[in-house]
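Observations on chain architecture
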Amino acid sequence: MMRRKLFRLKLNSRTLLLGKRTLVMGVLNVTPDSFSDGGKFLQPENAIEQAFAIERAGADLLDIGGESTRPGSVETPASEELDRILPVLEALRGRLKIPISVDTRRAGVAELALRAGAELLNDVSGLKSDPRIAEVAARHGVPLILMHMRGEPRTMQTGGFARNVVKDVIQGLRKSLAAARKAGVAKSQIILDPGIGFGKSFSQNYELLQKLPQLAKLGYPLLLGTSRKSFLGATLARDRKPAPPEERIWGTAATVTASILNGAHIVRAHDVAEMVQVARVADCLLDPKRGLRN
């Protein structure tokens, strides 16, 4: 088990302390085709209602995305991405108490999302799709999440996987970090995500979770997103049929626990109420004094 380093993340509305306890980031996909909840929250009123439900369930952050980057997905036009997320951001402004992160690969979308009240940027391409996202983050002084993705969403699970996944992820994240720092993003405002399921084989996802302490040595807070992913579906398959996303909650719980014990500061989850409980108990394993006295 790994002692987590403490970090302070400056948002417009507050400062977040990372590492004292695990923060849970709730996922809200305003898309027709996301792998787990695609289509459920495409209508703004449904998405707004779900945002409040995520907050009530105990999430510390909300991550809103208007483009699916699941394996095999095709690119969404920027105008469509904005049409999906802006009405939701504008309706939540001043009403949702938890900070909002926007999951986008485009600088133009990032800029308008920040103006509409978002406080963090989450780039799943690690600045490969549109390096100017780093300039937007630097100009607004907001935190930037850099994720490792091998290849492109459309083909990332069909191409060749890295021989050494940990080395590949570290090299990729170092490139993203260099680009972000060059654009003026403060070191203290960067979070790293190894990109579980993004261009990795099923076994490599487990290897990354096991070897997370090696990524922690880069010296940045870590965010992990394992929630309901297909490697869990494969592990939990019955009669050679992968378990559907809604039957991957217990598998997700196991990976969230492993993430926390190996150094994750933030975990990204669809099943917020359940993972808030998992995180609370896993935090007690890291620091038994957190537990209640008998």
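Structure's up top.
Residues numbered from 1 in each chain as written. Predicted model: local features only at pLDDT ≥ 70, side-chain atom pairs only at ≥ 80, totals over all residues. Heavy atoms only, no water.

Side note on the overall build of the protein
Counting its secondary structure elements, the protein contains ten helices and ten strands. Relative to the compact-globule value of 19 Å for 294 residues, the protein shows a C-alpha radius of gyration of 18 Å, a close match. Over its C-alpha atoms, taken along the principal directions, the protein stretches across nearly 45 × 45 × 40 Å. The 294 residues of the protein split such that 56% are buried. The contacts in the protein between residues at least 6 apart in sequence include a share of 69% that link residues at least 24 apart. Carbon and sulfur atoms provide 51% of the accessible area of the protein, an area that totals close to 13600 Å². Averaging the coordinates of the 44 positive side-chain charges in the protein and doing the same for the 30 negative ones gives two points 9 Å apart. (Helix = DSSP H or I, 4+ residues; strand = E, 2+ residues; numbered from the N terminus. Rg over C-alpha atoms; globule rule 2.2 N^0.38 Å. Buried < 20%, exposed > 50% of the residue type's maximum accessible area, 1.4 Å probe, protein only. Contact = heavy atoms within 4.5 Å. Areas by Shrake-Rupley, 256 points an atom, 1.4 Å probe, with all protein chains shown as cover. Lys, Arg positive; Asp, Glu negative; His and termini not counted. Charge placed at Lys NZ, Arg CZ, Asp CG, Glu CD.)

Overview of the packing of aromatic side chains
How two aromatic rings sit relative to each other is given by the distance of their centres and the angle of their planes. For the structure on display, the rule yields one aromatic pair. Summarising the aromatic geometry, the rings of Y206 and F231 are spaced 5.0 Å apart at their centres and angled 75° between planes, so their arrangement reads as edge-to-face. On the criterion of sequence distance, the pair formed by Y206 in helix 6 (residues 202-210) and F231 in helix 8 (residues 230-235) is long-range, its members being 25 residues apart. A relative accessible area of 1% places F231 in the buried class. (Phe/Tyr/Trp six-rings, centres within 6.5 Å; stacked < 30°, edge-to-face > 60°.)

Remarks on the pattern of salt bridges
In the structure shown here, the tally under the stated rule is 15 salt bridges. A salt bridge links E152 to R105, with the shortest nitrogen-to-oxygen separation between them at 3.7 Å. Taken as a pair, E152 in the loop between strand 7 (144-147) and helix 5 (165-182) and R105 in the loop between strand 5 (100-103) and helix 3 (107-115) lie far apart in primary sequence, 47 residues in all. With a closest N to O distance of 2.6 Å, D271 and R228 form a salt bridge. With D271 in the loop between strand 10 (266-269) and helix 10 (272-286) and R228 in the loop between strand 9 (223-224) and helix 8, this residue pair connects regions lying 43 residues apart in the sequence. (Salt bridge = Lys/Arg side-chain N within 4 Å of Asp/Glu carboxyl O.)

Focus on the environment of V74
Examined against the element boundaries, V74 turns out to sit in the loop between strand 4 (61-65) and helix 2 (78-92). By relative accessible area, V74 is classed as exposed at 54%.

Details of the environment of R150
Within the secondary structure layout, R150 lies in the loop between strand 7 and helix 5. Distance from R150 to F161, taken between C-alpha atoms, is 8.0 Å for residues eleven residues apart in sequence. Among the polar contacts listed, one links the side chain of R150 to the backbone oxygen of G160, at a separation of 3.1 Å. A distance of 3.1 Å separates the side chain of R150 from the side chain of D168, its partner in a polar contact. (Polar contact = N/O pair within 3.5 Å; in protein donor to acceptor, adjacent residues only side chain to side chain.)

A word on the pairing of strand 1 (residues 7-10)
Burial along strand 1 is one-sided: F7 and L9 are buried, while R8 and K10, pointing the other way, are not. Linkage of strand 1 to strand 2 (residues 15-18), two consecutive antiparallel strands, is achieved through a turn of four residues. (Pairing = 2+ DSSP bridges.)

Section: helix 9 (residues 249-261)
For helix 9, spanning 13 residues, the distance from its first C-alpha to its last is 18 Å, which sits close to the expected 18 Å at 1.5 Å a residue. Within the sequence span of helix 9, burial applies to G251, T252, A253, T255, V256, S259, I260 and L261. One or two residues past the end of helix 9 sits G263, with phi positive at roughly 120°. (Expected span 1.5 Å × (residues − 1).)

Overview of the environment of S259
In this structure, S259 sits in helix 9. Accessibility expressed as a relative area gives 1% for S259, which makes it buried. C-alpha of S259 to C-alpha of R95: the two residues are 164 residues apart in sequence and 31 Å apart in space. Not counting residues within four places of it along the chain, the set of residues in contact with S259 comprises L209, L212, L224, T226, A264 and V267.

Here we look at the side chain of T252
Relative to the helices and strands, T252 resides in helix 9. Judged by its relative accessible area of 1%, T252 is buried. A polar contact is formed between the side chain of T252 and the backbone nitrogen of R228, at a distance of 2.9 Å. Excluding residues that lie within four positions of it along the chain, T252 makes contacts with T226, S227, R228, L232 and M275.

Focus on helix 6
Listed as buried for helix 6 are Q204, N205, L208 and L209. Taken around the axis of helix 6, the buried residues stretch over an arc of 145°, which confines them to a single face. Those residues of helix 6 that are exposed and aimed more than 90 degrees away from the buried face are S203 and Q210. (Arc of directions from axis to C-beta.)

Some words on the sheet that holds strand 8 (residues 190-193)
The sheet built from eight strands is open, its strands ordered 8-7-6-5-4-3-10-9 with parallel pairing. Strands with a single pairing partner mark the edges of an open sheet, and in this sheet they are strand 8 and strand 9. Relative to strand 10, strand 3 (residues 23-29) is paired through four bridges, and the arrangement is parallel. Bridging across to strand 10, M25 finds its partner in R268. Across the sheet, helix 1 (residues 44-56) lies against strand 3 and strand 4, angled at about 165° from strand 3, the strand it touches most. Contacting strand 3 and strand 10, helix 10 crosses the sheet at an angle of about 165° to strand 3. (Axes fitted to C-alpha atoms, helices over the stretch in contact; angles between N-to-C directions.)

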